[in-house]
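Below are the chains, spelled out letter by letter.
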Amino acid sequence: MRHSYFRRLPVVSHYSGPLLTQPTAEALLTARDAGAGEWTGSLDLGLSSGSASLEMDAWHWRGQRYPYPRVLKDRTIYYWDGDEFASVSRYSGSLIKLVPTEWGAPTFEIDGIKMLPTSKESPFEDARRKVALIEPHGKVVLDTCGGLGYFAACCLEAGVARILSFEKNADVLWLRTLNPWSPDLDEVDPDAAAGADRFQLTHADVSQAIAQIADASVDALLHDPPRFGIAGELYSQMFYDQLARVLRRGGRLFHYTGSPNKLTSGRDVPREVEKRLQKAGFKAQLALDGVLATRR
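Predicted model, so just to flag it, every value in this text is computed and none were measured.

Thresholds, definitions, all that
Residues numbered from 1 in each chain as written. Predicted model: local features only at pLDDT ≥ 70, side-chain atom pairs only at ≥ 80, totals over all residues. Heavy atoms only, no water. pLDDT = per-residue confidence, 0-100. Contact = heavy atoms within 4.5 Å. Phe/Tyr/Trp six-rings, centres within 6.5 Å; stacked < 30°, edge-to-face > 60°. Buried < 20%, exposed > 50% of the residue type's maximum accessible area, 1.4 Å probe, protein only. Helix = DSSP H or I, 4+ residues; strand = E, 2+ residues; numbered from the N terminus. Lys NZ or Arg CZ within 6 Å of the ring centre and 35° of its normal. Pairing = 2+ DSSP bridges. Axes fitted to C-alpha atoms, helices over the stretch in contact; angles between N-to-C directions. Parallel < 35°, antiparallel > 145°, perpendicular 65-115°, else oblique. Left-handed = near helix turned anticlockwise from the far one by under 90°. Nonpolar A, V, L, I, M, F, W, Y, C, P; charged D, E, K, R; others polar.

Per-residue pLDDT for the protein averages 91, and the proportion of residues at 70 or more is 90%. Confidence drops under a pLDDT of 50 for residues 1-5, and excluding neighbours within four residues, the segment shows 16 contacts in the predicted structure.

As structure tokens, then:
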């Protein structure tokens, strides 16, 4: 199963410079003002720890010299763009922004709306629990709405045979290049050929691209769409019929729905999803903050 009709994204290495948040920048300045010649901590959002050497007007990390940043905003991540520390955000119709969490792994927001749950645990750990429901080891998995790639990273960690991941938004794909927690094709396999075979990331709208995926050609599905009001087509009966078509019999699907307030929205989205999936040919039930279904 090659799916050669999809345009693979070129291999783009992750940004390798420091990532600063308001608390990290304050810790650097506090250490300098206390007369320390070195500061130890994380400059990649908690993924690892290292040391920076401190001078009065600059600091050094991994062989490069950086100025101390000016006042940084809360709930914002900054990267070195070659001239200054700039926020990891873009505006092209919507404001898309990488946002720090207390857990290390960041979430992201679109026009101030948080895209990943972070109140009780790391969004990466949240993804790991959901991925475990479809038991990806040795399977071909379709990841419909890739986002920051946490589902894909957890599938790779769990020994997936191959994961086909789609992401519609070019700005979200840009966030991934700056997020050290997002999977990097170079890290999947340094030779790229085998890595590209295990992990295929495609810049496309899955509601349209799914028509080109062969019948019963994937073993499991992960569906994490934006909320209904933004992407209603990804909750439609037509799309669920396509999911049923590409998934082999007995294959599992986890569909994230969140827990929208029925009193304010007037809708019970998880129950609506459950009924539509059943109509499409799934045996479905509510699970975690979504719906777990098996293709009949």
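Geometry of an aromatic ring pair is reported as the spacing of the ring centres plus the angle between the planes. Overall, the coordinates contain 10 aromatic pairs when judged by the stated rule. Their ring planes at 35° and their centres at 5.0 Å tell us that Trp59 and Tyr66 sit as a pair that is tilted. Taking the relative accessible area as the measure of exposure, Trp59 reaches 0% and is therefore buried. Using a relative accessible area of 3% as the deciding quantity, one classes Tyr66 as buried. A centroid spacing of 5.6 Å and a plane angle of 85° characterise the contact between Tyr66 and Trp80, whose relative ring orientation is edge-to-face. In this pair, Tyr66 is assigned in strand β5 (residues 64-67) and Trp80 in strand β6 (residues 78-80), connecting sequence segments 14 residues apart. For the pair Tyr66 and Trp80, one class covers both residues: buried. The structure contains a cluster of three or more aromatic residues connected by ring pairs, namely Trp59, Tyr66, Trp80 and Phe85. Seen from the ring of Tyr68, Arg32 lies directly overhead, with NZ or CZ sitting 4.7 Å from the centre.

Taken in spatial order, the 4 strands of this open sheet run β8-β9-β10-β11, and their pairing is antiparallel. Each end of this open sheet is capped by a strand with a single partner; those strands are β8 (89-91) and β11 (113-114). Two elements, strand β10 (residues 107-110) and β11, share 2 bridges in a ladder whose sense is antiparallel. Note on β11: the bridge partner recorded for Ile110 is Ile113.

Bringing helix α3 (residues 150-157) into the picture now. Of all the 8 residues making up α3, 7 are buried; the element is thus mostly covered by neighbouring parts of the structure. Restricting attention to buried positions, one finds in α3 the residues Tyr150, Phe151, Ala152, Ala153, Cys154, Cys155 and Leu156. Just beyond α3, the residue with positive phi is Gly159, at close to 90°.

Here strand β18 (residues 290-295) lies mainly inside the structure; 5 of its 6 residues are buried. Taken together, the 6 bridges between strand β17 (residues 282-287) and β18 define a ladder with antiparallel strand orientation. For Phe282, the partnering residue across the bridge sits in β18 and is Arg295.

Moving on to the packing of helix α2 (residues 123-134) against α3. Relative to each other, α2 and α3 sit at 60°, their axes nearing to 9 Å. Between α2 and α3, the crossing angle belongs to the class labelled oblique. The two elements α2 and α3 meet at a crossing, and its hand is right-handed. Residues Pro123, Phe124, Ala127, Arg128, Lys130 and Val131 of α2 form the contact with α3, whose own contacting residues are Tyr150, Phe151, Ala153, Cys154, Cys155 and Glu157. A breakdown of the residues in the contact of α2 with α3 according to their chemical character gives 9 nonpolar, no polar and 3 charged.

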